Amino acid sequence: MAPSSKPRTIIIGGGLAGLAAAVRIAEAGMPVDLFSMVPVKRSHSVCAQGGINAANKVARQQGYSEYMHFDETLYGGDFLNHQPPVYDMAYWAPRIIDLLDRMGVPFNRTPEGERDLRMFGGSLYKRTHFSGATTGQQLLYALDEQTRRWEAEGLVTKYEFWEFLWPVLDEQGECKGIVAQDMRTMEIRAFRADAVVMATGGNGLIFGKSTNSVICTGGAAARCYQAGAWLGNPEFIQVHPTAIPGEDKCRLMSESARGEGGRVWVPRKTGDTRRPNEIPENERWYFLEEKYPAYGNLVPRDIATREIFWKCQEGYGIGGGRMVYLDCTHLPDATKNKLAGIFEIYEKFTGDDPRHMAMKIFPAVHYTMGGLYTVYTARDDYKGMVEGAPNNMMTNIPGLYAFGEVNYQYHGGTRLGANALLSCIFDGLFCGLSVANHVNDNVKNRADDLPEAVFDGYVKQEQDKAQALIDADGEDNPYTIGREMGNVMTDRCTVVREAEGLAKCLEEVRNLQQRFKKIRLSDTGMWTNQTLSYARAVWDMLLYAEAIVLGADARKESRGSHYRTDYLERDDANFLKTTIARFDPATGEHALEFEDVPTPLVPPRARTYGQTEQAAAGAKA
Amino acid sequence: MIAPGEQKTITFRIRRQDKQDAQPYWEVFELPYRLNLNVISCLQQIAENPVTKEGRQTTPVVWDCNCLEEICGACTMVINGTVQQSCSALVDKLLEETGGGDIVLEPMSKFPVVRDLWVDRTRMFENLKRINGWVPIDGTHDLGEGPKESPEQQELRYGLSRCMTCGCCLEACPQFLLDNDFIGASTIGQALYFNEHKTGAVLADERLDVMMEPGGVNDCGNAQNCVKVCPKEVPLTLAIAKIGRQTTKRAFRYFFAGR
Ligand SMILES: Cc1cc2nc3c(=O)[nH]c(=O)nc-3n(C[C@H](O)[C@H](O)[C@H](O)COP(=O)(O)OP(=O)(O)OC[C@H]3O[C@@H](n4cnc5c(N)ncnc54)[C@H](O)[C@@H]3O)c2cc1C
Ligand code: SF4
Ligand code: SF4
Ligand code: FES
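Residues numbered from 1 in each chain as written. Chains lettered and ligands numbered in written order. Predicted model: local features only at pLDDT ≥ 70, side-chain atom pairs only at ≥ 80, totals over all residues. Heavy atoms only, no water.

1. Looking at the site of ligand 3
- Of all residues adjacent to ligand 3, which total 13 residues, the nearest are Cys173(B), Cys220(B), Ala223(B), Gln224(B) and Cys226(B).
- When the residues that make up the shell around ligand 3 are grouped by side-chain class, the tally is 8 nonpolar, 5 polar and no charged. (Near = heavy atom within 4 Å. Nonpolar A, V, L, I, M, F, W, Y, C, P; charged D, E, K, R; others polar.)

Below is the structure:
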């Protein structure tokens, strides 16, 4: 049968990854339907502050190179990253910066008008480009503007305030569209497409309060998982050591506060309720400086995170709670002025001025390294991927792709600062072409030629699920269940993990799944019902949480952000492997499998920056 | 600052509306006081337990938000009469301002209400399309760096680029109405933003043409309410002045040269 209309693609998500993909696919001449729960300009990518890495000309003259960027990313990721995609990302980075520059991103400038650079963690070179204190916002806006241009030309159609519910698969198991719900009218309908790109970001909300935005539930990924897509490395979650705990979320406090001399301490007396400036010097415990005299407050992220976590578990947190002081009050005025930007954020949300009052901080879940499992075609020499190969960043479901934070590639065991924005844009630009090629060259059965009944069936399935939630007449409350899930996941499955705690966590998550079956929604209307949308996400998060805990339990080693007190060493013989999780909808069971990570270019070496640290500190102590 | 202990509860008076054309009504909620709350964390508590002060079960209040750190622009509403972001509206500060009185939440009045505190700001995004709000690059191919720029120029453009399409400036503007066609301060700021970029300036005339249509920059009455409420300190006065001058020049060119 002749194709009845032009092939189209669907992109779910308008963060950096989704917008970069929209621009690239539209440029290839293919129409794009772009779905997002919020106007794309308000996507979570807007939150990134720090910057974006690339070996540009200045860094290169200091001895830095794309190869070093590649190597640092593997080293940072504890060698769990696949090497060919990381290689390409590092070598494309300078070109991506140039492109963003041409799009008009107001990067900070040197007196001569060149793009300025700053230092960032995990590198000895200045290689991070930035735009004031709002790099993510500036990059997102530039891509939003280019997308709007394609929208004006008629190649991109936006569906904002639409929520992705389920992928539509044909009899061959290929992805042919989606079912989505209008968040205002609550209409549920199907959309046809010859390829679908998931660019739905991370899952921080599974841990309750994180540094993520409120729609970062991982719900979209969890729905693909339940529909047959695999997860890769779900247990890998990054926790940032210094965030400002709030009633509604944790806001990031930049590392530069410690870089400039900020000191971390707790009162020596547990449960001390005095204000920080009323506590005399000899009753303060500078526990990082005491335990790590060499590096003090500047120990690597994961060590700082664990020490702060442990102090609070021992009851030394401020007022017995989960917070420690990050003190900048002693710094000279000139230094304080340098930190004005981040002090402002703290003051805006707490009402306290860090110049005069020690800040209260605690670690918070920040980034999802794991995500939907994807494949790619490596070049013969493994130095990168074959450009335009149709399967680059495709999931195990033909025609279903994963780009950006929801993709498990690039960052391995932990992510280096300022590498996420890069990986998102790289996915969109580099692999966008793969999507277009797949649709043009590989797709035999066009979505438009499928019978209506296929789509109607999926729509019915989603309508029934929504109706079941609306009709539920139990006692429990989805918001309460969501909160309890966040608490137990944060307690047992973030900074430090061990078998017993994980077993309890799993039990608790499964309990919550049972309780979810007896909920009642406080809004049963069919107009902008935000409670329905949230409740649906809670169920998906509970399933995703289970996969995270199972992965964390099965990985009996410590690597990157995954730290087991009962298995302290990295174990390459058994675990230089990707965790693959599969879900069986018939039984509701998760099945785990480990797949070797090939290391064709750089053989794994010990990740010593943490260990030398401890050894040096230990020798002195 | 209200010391803990004095304040036991917080009262929220919320203007609600079920649909765009429905009659608005008020509901009052009482929450236990705690230190360091913001308005959104209170709305979250109400969502979890939507019971009014009188003890009547109701539906959760609907509002728009995402980042919770005053950078996405979603959560704008009118709080105690002042338009602002609800995520960065601290309860302790509001209580201090009112001496512990009620906190009143209303939707912005210059946009159609979707439900409760959620309004439809499509007009703002459509206006960005109208002014060709982009830099017309040739494509995503590797064509080297963008134009060089002085730190001063970067600072100007960065200041304009921080606009998060929140709508505060429009809510406060006497000229911008629910049912007129004034383009509004934020879009004027964006027109300047793109005109100030070397490649963006290629479309400067097209942008100025839009600014010269009815509803363009000439409809601004220079009341400067906009700049006072902008949470991102976007240099709106400067933008209005500059775009005003650029349109005057363009009008002259039309008059004398016919283009
Ligand atoms: C506070 C903070 C600071 C950061 N700073 C940096 C930094 O300095 N440098 C760096 O490199 N990285 C940083 N990161 C990480 C980086 O910001 C993110 O990894 C990146 O922005 C993710 O982009 P994305 O395109 O994958 O997804 P997002 O930007 O999260 O976008 C997800 C999109 O998917 C849509 N969506 C989700 N679910 C659905 C659904 N069910 N239906 C329809 N649409 C849906 C959303 O509406 C949204 O448009 C930071 C992260 C945080 C939290
Ligand atoms: S100019 Fe300011 S007030 Fe107006 S929309 Fe932009 S950020 Fe908001
Ligand atoms: S100066 Fe006054 S009239 Fe003009 S846009 Fe601003 S508030 Fe509106
Ligand atoms: S939620 Fe983003 S600005 Fe308030």
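2. Describing the environment of Arg16(B)
Residue and element names in this part refer to chain B.
- Here Arg16 lies in strand β1 (residues 9-16).
- In this structure the C-alpha to C-alpha distance between Arg16 and Lys198, which are 182 residues apart in sequence, comes to 47 Å.
- In contact with Arg16, not counting residues within four places along its chain, are Gln23, Pro24, Tyr25, Glu27, Phe29, Thr58, Thr59, Pro60, Val61, Arg115 and Asp116. (Helix = DSSP H or I, 4+ residues; strand = E, 2+ residues; numbered from the N terminus. Contact = heavy atoms within 4.5 Å.)

3. Notes on the interface of chain B and chain A
- On the side of chain A, 72 residues touch chain B, which itself brings 72 residues to the contact.
- With both chains or domains summed, chain B and chain A bury close to 6100 Å², and 50% of this area falls on carbon and sulfur atoms.
- Summed over the shared surface of chain B and chain A, the result is 10 salt bridges.
- With its nearest N and O atoms 2.7 Å apart, the salt bridge here joins Glu70(B) to Lys348(A). (Buried area = accessible area lost by both parts, 1.4 Å probe. Salt bridge = Lys/Arg side-chain N within 4 Å of Asp/Glu carboxyl O.)

4. Re the domain arrangement of chain B
Residues and elements named next belong to chain B.
- With domains assigned, chain B is organised as domain 1 (9-119) and domain 2 (122-135 + 149-256).
- Here domain 1 and domain 2 have C-alpha centroids that lie 30 Å from each other.
- Both sides of the domain 1 and domain 2 interface together cover about 1200 Å² of buried area, and 60% of this is carbon and sulfur.
- Ranking the residues of domain 1 by area buried against domain 2 places Val83, Lys110 and Phe111 at the top, with a combined share of 51%.
- At the boundary of domain 1 and domain 2, one finds 7 residue pairs in polar contact (both at pLDDT 80 or more).
- Sorting the residues of the side of domain 1 that touches domain 2 by element identifies β3 (76-79) and β4 (82-85) as the ones contributing at least two each.
- Of the residues in the side of domain 1 that touches domain 2, the class split is 7 nonpolar, 5 polar and 2 charged. (Domains from an automatic or database assignment. Polar contact = N/O pair within 3.5 Å; in protein donor to acceptor, adjacent residues only side chain to side chain.)

5. Quick notes on helix α6 (residues 219-226) of chain A
Residues and elements named next belong to chain A.
- In terms of burial, α6 is a largely internal element, 8 of the 8 residues being buried.
- Among the residues of α6, Gly219, Ala220, Ala221, Ala222, Arg223, Cys224, Tyr225 and Gln226 are the ones counted as buried.
- One or two steps after α6, the chain reaches Gly228, where phi turns positive at roughly 120°. (Buried < 20%, exposed > 50% of the residue type's maximum accessible area, 1.4 Å probe, protein only.)

6. Observations concerning the sheet that holds strand β2 (residues 32-36) of chain A
All names here are of chain A.
- Spatially, 5 strands are ordered β6-β2-β1-β10-β19 in an open sheet, and the strand pairing comes out parallel. At either margin of the open sheet sits one strand with a lone partner, and together these are β6 (156-160) and β19 (400-402). Direction aside, the axes of adjacent strands within the sheet are offset by 20° on average.
- Inspection of the sheet shows strand β10 (residues 195-198) paired to β19 by 3 bridges, in the parallel sense. When the bridges of β19 are listed, Val196 appears paired with Leu400. (Pairing = 2+ DSSP bridges. Axes fitted to C-alpha atoms, helices over the stretch in contact; angles between N-to-C directions.)

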